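These are the residues of each chain, in order.
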Amino acid sequence: MVYVRRVQEGDVAAFDYLVRRYRERLYSVIYNLTSNREDAADLTQEAFIKAFRSIQRFRGNASFFTWLYRIGVNTTLSQLKKNRMRRFFSLDNVDEELAASDIIESLSMKTGTERSILVKELQEKLNEALQKLSPKQRVVVVLFEIEGLGHQEISEVVGCSVGTVRSRLHYAKQQLQAHLQDYLQ
Amino acid sequence: MAKRSKNEITVEALLRLKRSEKPPADFWDSFNDALQQRQLGDLVKSESWLVRLRRPARWIYAGFPVAATVLLVIALASPRPATSPAGESGSPQTAEETATVSKSDFMAEISRAARELSFPQSASEEVVPVETRFVMDAFAPSRDTDARFRKVMASPTFTASIQGSTRYVADPISEPHQAQSAGSRSEFSHF
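Note that the coordinates shown come from a computational prediction; the quantities given were computed from them, not determined experimentally.

About the criteria used
- Residues numbered from 1 in each chain as written.
- Chains lettered and ligands numbered in written order.
- Predicted model: local features only at pLDDT ≥ 70, side-chain atom pairs only at ≥ 80, totals over all residues.
- Heavy atoms only, no water.
- Bend = angle between axes of the 7 residues up to and from the residue.
- Helix = DSSP H or I, 4+ residues; strand = E, 2+ residues; numbered from the N terminus.
- Polar contact = N/O pair within 3.5 Å; in protein donor to acceptor, adjacent residues only side chain to side chain.
- Contact = heavy atoms within 4.5 Å.
- Buried area = accessible area lost by both parts, 1.4 Å probe.
- Salt bridge = Lys/Arg side-chain N within 4 Å of Asp/Glu carboxyl O.
- Nonpolar A, V, L, I, M, F, W, Y, C, P; charged D, E, K, R; others polar.
- Pairing = 2+ DSSP bridges.

### Observations concerning helix α2 (residues 12-34) of chain A
All names here are of chain A.
At step 1: Bending of α2 peaks at approximately 50° at the position of Y22.
At step 2: Measuring from the side-chain oxygen of the N-cap residue of α2 to the backbone nitrogen of A13 gives 3.1 Å; that N-cap residue is D11.
At step 3: Of the residues one or two after α2, S35 is the one with positive phi, at around 60°.

Okay, structure coming up:
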């Protein structure tokens, strides 16, 4: 909040700090919503520019990253609505060290597929399944399952009730289960 | 709720794999460069808007000639009260129309106009303030037929070029073949 206040007082360098601090998380949300890293980069930059432009209106009622997430999510949803996104996947690399090795191991044994090939295949299938969800359901799934936000935080970001968040999450998971049936045990 | 075994693969577990998708290391360098350029562009754009907003007088100055032109066009396009004999009959007059008069009336009018016309001897050009009038459209002197006039929106100024002896100016509104058929006979414009 100190840095936010400094930006509000005209310290542009303080905004660079905020960008460095939140860029990866914001990019991750937008990337998982679009499944395209070029679109994600463009929209993340746009979200930061919007945040910089309207930072005087930030009153600190919510945390800064909730406010920033809201800008990022709304910017992305607006673009998805206009259907101006790229129509192909452009995926980031999977850090295999970070990937949950026991799941990959288990799947590799089950399907008899080589691990690296399996990782690539699974990555594409997951992105495909996410893109089959409605944008609103996708937002909830991404924020809850991938970003680890709570229901309350998601409701603040999305601007709906906690009940709506839970409901969207429930139906989204049902659809994902159907799409990813081949990998589930 | 039944407990899930440790090795059970769930949707949640698969989705968590997406946390390990990361952009390459050099991605953030180009990201920062692009962001800074966009921020600068945004600042310049918003500043130029502010500059424009702070200078309303320029908008007024720019808009004045346009507004003046529009008003002028409206004023010219609006119908004027008729000053000709045809106009006195009460029928609505347009910018250009024809009227038919008898030849005797026409000749009387010509004589009157000729008396009124006087050209300076020294000046080669003179501006004569006149109003909209009928001009002769066609005239056949050998036959006792009516003369045709065409009403025109005349310019408020009229330039007559006088070189040596008196010369009448051909009516540019008349049809070319009519002007040629007039031959040595003068094509006469009376304003």
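Once the structure has been displayed, the description carries forward.
### Things to note about the interface of chain A and chain B
At step 1: Contacts between chain A and chain B engage 44 residues on the former and 27 residues on the latter.
At step 2: Around 3,400 Å² of area is buried between chain A and chain B when both sides are counted, 65% of it from carbon and sulfur atoms.
At step 3: For the pair chain A and chain B, the number of links is three salt bridges.
At step 4: Its salt-bridge partner being R53 of chain A, residue D42 of chain B comes within 2.9 Å of it at the nearest N-O pair.
At step 5: Looking at the side of chain A that touches chain B, the elements with two or more residues in it are α2, α3 (37-53), β1 (93-94), α5 (101-111), α6 (115-132), α7 (135-146) and α9 (162-179) of chain A.
At step 6: No other element matches the 10 residues that α3 of chain A contributes to the side of chain A that touches chain B.
At step 7: Its residues assigned to classes, the side of chain A that touches chain B shows 24 nonpolar, 10 polar and 10 charged.
At step 8: Here β1 of chain A runs beside strand β1 (residues 21-22) of chain B; their pairing, made up of two bridges, is antiparallel.

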